[in-house]
Amino acid sequence: MAERKRKKQSENYFDYSLLFIVLFLLGFGLVMIYSTSSYEANMQGHGSTFYLKKQVMATVIGLAAMIVVANIPYHFWERFATLAYFGSGAMVLMVLIPGLQYSANGATRWIRVGGLTLQPAEVAKLGMILFLASLVCRMGRGIRTTKGFFTVLLIPMPICLMIWRITNNMSSAIIVFGIAALMLFVASPEYKKFIIIGAGGLAGVAALVFFISQAASSEGMGFRSERILAWLNPEAYANGKGFQTLQALYAIGSGGILGKGLGQSMQKLGFLPEAQNDMIFSIICEELGLFGAIAVILMFLLLIWRFMVIANNASDLFGALLVVGVMGHIAIQVILNIAVVTNTIPNTGISLPFISYGGSAVLFLLIEIGLVLSVAKGIRLKDL
């Protein structure tokens, strides 16, 4: 009996709570995508379930990939870390190839092979997590030196610059760099450097916003500068860069505490452009009210909490850093998406994980969840 008890205590751990939260967010996302996109799909001449069917297909493929990755020991992927880094960079470069590049809504951020489209920026996020987790483990105590610190901090810069300049996707570049910064923050005890860099970065952003606001009357300003001006005063740009932000704020304000009811949104009826993508949170607020919005935020907080539990109990540093990277990816993206929708920061294209429409995004998010589940399986019950 004692031997059987010891064997039971050392069994592998599986995080069913994490799996339930992910499945709930996926199911809720599919419901909201149908509610948000059915009108636009009909107006485009497709059936009302056009966007839903495409998202369901990507979700099913992603769940299959998640199951496969979750059942492969996570150390297997360490040998592909360098390939993931350079391979993701090569995929970003493929956007420049006329036969492969694919454009939508005025942006060229995808590659298309046969009937499948893929956004290389999503591949880069996963590749960066794998590569930095492997690199930090190889560096060991060397990461505590100034050289090691800045080496890890500068590693993502080439990929970030390519994503920004080639695919014209600054938001994904910021997320990739944010993932790297959070992984370095967890691995390095040098918090003073982060405080100095963070303070310098905030000062630089504040100075940039002040300069743009003072130069508002000058001509020839770039569209990102216009976005900052529209953020500061969306009413003044109601017919331009401020239009989507204002419509999103109207949706949030009209939802009240309990919302208008599922499917009863008015802003999705041609007023809020591409509502099923980056602005889906505003439709959640309109249809389900403040109650629904808080419920979604709480689910993401629970998800992040499960990541923290798994990272704290991971059997080694590599596994812990993988989980931290995935946690950083999702947390940064959720914060930025909600901040954009509520006009807390300038409008930029950032989707809400597991909920917004986007095949590449949900596919690679589920692969990342598979990595986290694989790390969780390496935990022994006696360690918890």
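Predicted, not measured: the structure shown is a model, and the values here were computed from it. (Residues numbered from 1 in each chain as written. Predicted model: local features only at pLDDT ≥ 70, side-chain atom pairs only at ≥ 80, totals over all residues. Heavy atoms only, no water.)

Engineer: Please clarify how the overall build of the chain should be interpreted in this entry.
Structural biologist: Helix and strand counts for the chain come out as 14 helices and three strands. The buried share among the 384 residues of the chain stands at 46%. Here the contacts in the chain between residues at least 6 apart in sequence split such that 71% fall between residues at least 24 apart. Accessible surface computed for the chain: about 18400 Å², of which carbon and sulfur atoms make up 67%. Of the charged side chains in the chain, 27 are positive and 17 negative; the average position of the first set lies 9 Å away from that of the second. (Helix = DSSP H or I, 4+ residues; strand = E, 2+ residues; numbered from the N terminus. Buried < 20%, exposed > 50% of the residue type's maximum accessible area, 1.4 Å probe, protein only. Contact = heavy atoms within 4.5 Å. Areas by Shrake-Rupley, 256 points an atom, 1.4 Å probe, with all protein chains shown as cover. Lys, Arg positive; Asp, Glu negative; His and termini not counted. Charge placed at Lys NZ, Arg CZ, Asp CG, Glu CD.)

Engineer: In this structure, what is going on with the sheet that holds strand S1 (residues 101-104)? I would like to understand it.
Structural biologist: The strands that make up a sheet are held in pairs by hydrogen bonds between backbone atoms, and each pair lies either parallel or antiparallel. Strand order in the open sheet made by the three strands is S1-S2-S3, with antiparallel pairing throughout. Only two strands of the sheet have a single partner each, and these edge strands are S1 and strand S3 (116-118). Within the sheet, the average angular offset between the axes of one strand and its neighbour, ignoring direction, is 45°. Bridge analysis of S1 against strand S2 (residues 107-113) gives four bridges, and the strand direction is antiparallel. In the sheet register, Ser103 faces S2, and the bridge partner there is Thr108. (Pairing = 2+ DSSP bridges. Axes fitted to C-alpha atoms, helices over the stretch in contact; angles between N-to-C directions.)

Engineer: So what exactly am I meant to see when it comes to the nonpolar core here?
Structural biologist: In a soluble, globular protein the nonpolar side chains are often hidden away together inside. One finds Phe300, Leu303, Phe307, Ile330, Phe354 and Ile355 to be the most contacted residues of the largest nonpolar core, which totals 102 residues. Sort the elements by how many residues they give to this core and helix H13 (residues 317-341) lands first, with 16 residues. In this structure Ile330 touches Phe300, Leu303, Phe307, Pro353, Phe354, Leu365 and Ile369, once residues within four positions along its chain are discounted. (Core = buried A, V, L, I, M, F, W, Y, C linked by side-chain atoms within 4.5 Å.)

Engineer: How should I be thinking about the packing of aromatic side chains in this particular structure?
Structural biologist: For any pair of aromatic rings, the description rests on two quantities: the centre-to-centre distance and the angle between the ring planes. On inspection of all chains with the given rule, the structure shows 13 aromatic pairs. The interplanar angle of 85° and the centroid separation of 5.1 Å between the aromatic rings of Tyr85 and Phe86 together place this pair among those described as edge-to-face. Since its relative accessible area comes to 56%, Phe86 is described here as exposed. Each ring, one from Phe149 and one from Phe150, has its centre 5.2 Å from the other, and the planes form 80°; the classification is edge-to-face. Exposure remark for Phe149: the relative accessible area of 0% places this residue in the buried category. Relative accessible area serves as the criterion here: at 36%, Phe150 is assigned to the partly exposed category. Linked through ring pairs, Phe20, Phe24 and Phe28 together constitute an aromatic cluster. Here the basic side chain of Arg165 rests over the ring of Trp164, its NZ or CZ set 5.1 Å away from the ring centre. Between the NZ or CZ atom of Arg306 and the centre of the ring of Trp305, over which it lies, the distance is 4.6 Å. (Phe/Tyr/Trp six-rings, centres within 6.5 Å; stacked < 30°, edge-to-face > 60°. Lys NZ or Arg CZ within 6 Å of the ring centre and 35° of its normal.)

Engineer: I keep staring at the confidence of the model for the chain and nothing clicks. Help me out?
Structural biologist: Reading fine detail from the predicted coordinates is not recommended where pLDDT is low. On average, residues of the chain score 87 in pLDDT, and 93% of them are at 70 or above. Here helix H1 (residues 2-9) stands out as the element of the chain with the lowest mean pLDDT, 48, in contrast to helix H3 (residues 50-70), whose mean of 95 is the highest. (pLDDT = per-residue confidence, 0-100.)

Engineer: For this particular structure, what's the right way to read the side chain of Glu286?
Structural biologist: With respect to the element layout, Glu286 can be found in helix H12 (residues 280-313). Residue Glu286 is classed as buried on the basis of its relative accessible area of 0%. Those residues in contact with Glu286, other than ones at most four positions away along the chain, are Ala251, Ser254, Gly255, Gly259, Lys260, Ser265, Met266 and Gln267.

Engineer: Just to check I follow, could you spell out helix H6 (residues 146-154) for this structure?
Structural biologist: Three- or four-residue spacings in an α-helix give side chains the same orientation, since the helix completes a turn every 3.6 residues. Within H6 the residues assigned to the buried category are Gly148, Phe149, Val152 and Leu153. In an axial view of H6, the angular spread of the buried residues amounts to 130°, which keeps them on one side of the axis. What points out from H6, more than 90 degrees from its buried face, is the exposed set Lys147 and Leu154. Elements in contact with the buried residues of H6: helix H5 (120-139), helix H7 (157-166), helix H8 (170-187) and helix H9 (191-214). (Arc of directions from axis to C-beta.)

Engineer: What is the right way to read the packing of H6 against H9 from this model?
Structural biologist: Relative orientation and spacing of two packed helices are given, respectively, by the angle between their axes and the distance between those axes. Close contact between H6 and H9 brings their axes to 12 Å; oriented N to C, the two are set at 50°. On the basis of their axis angle, the class for H6 and H9 is oblique. Relative to H9, H6 is oriented so that their crossing is right-handed. Touching Thr146, Phe149, Phe150 and Leu153 of H6 are Lys193, Phe194 and Ile197, all from H9. Its residues placed into classes, the contact of H6 with H9 shows five nonpolar, one polar and one charged. (Parallel < 35°, antiparallel > 145°, perpendicular 65-115°, else oblique. Left-handed = near helix turned anticlockwise from the far one by under 90°. Nonpolar A, V, L, I, M, F, W, Y, C, P; charged D, E, K, R; others polar.)

Engineer: Help me out: how do you make sense of the environment of His75 in this one?
Structural biologist: Counting through the fold element by element, His75 comes out in the loop between H3 and helix H4 (81-93). Exposure remark for His75: the relative accessible area of 35% places this residue in the partly exposed category. The residues touching His75, leaving out its near neighbours within four places in the chain, are Asp316 and Phe318. A distance of 2.3 Å separates polar atoms of two side chains, one belonging to His75 and the other to Asp316. (Polar contact = N/O pair within 3.5 Å; in protein donor to acceptor, adjacent residues only side chain to side chain.)

Engineer: What is the right way to read the packing of helix H2 (residues 16-43) against H12 from this model?
Structural biologist: Across the interface, H2 lies against H12 with an axial gap of 10 Å and an inter-helix angle of 160°. Classified by the interaxial angle, the pair formed by H2 and H12 is roughly antiparallel. Two packed elements cross with a definite hand, and for H2 against H12 that hand is left-handed. Class assignment of the residues belonging to the contact of H2 with H12 gives a composition of 19 nonpolar, three polar and two charged.

Engineer: Would you take a moment to explain unusual backbone geometry for this structure?
Structural biologist: Negative phi values dominate among residues other than glycine, just as trans dominates among peptide bonds. Not every positive phi belongs to a glycine, and Asn343 is a case in point at roughly 65°. You can see Asn343 is positioned in the loop between H13 and helix H14 (359-377). On the basis of relative accessibility, which here comes to 16%, the residue Asn343 falls in the buried class.

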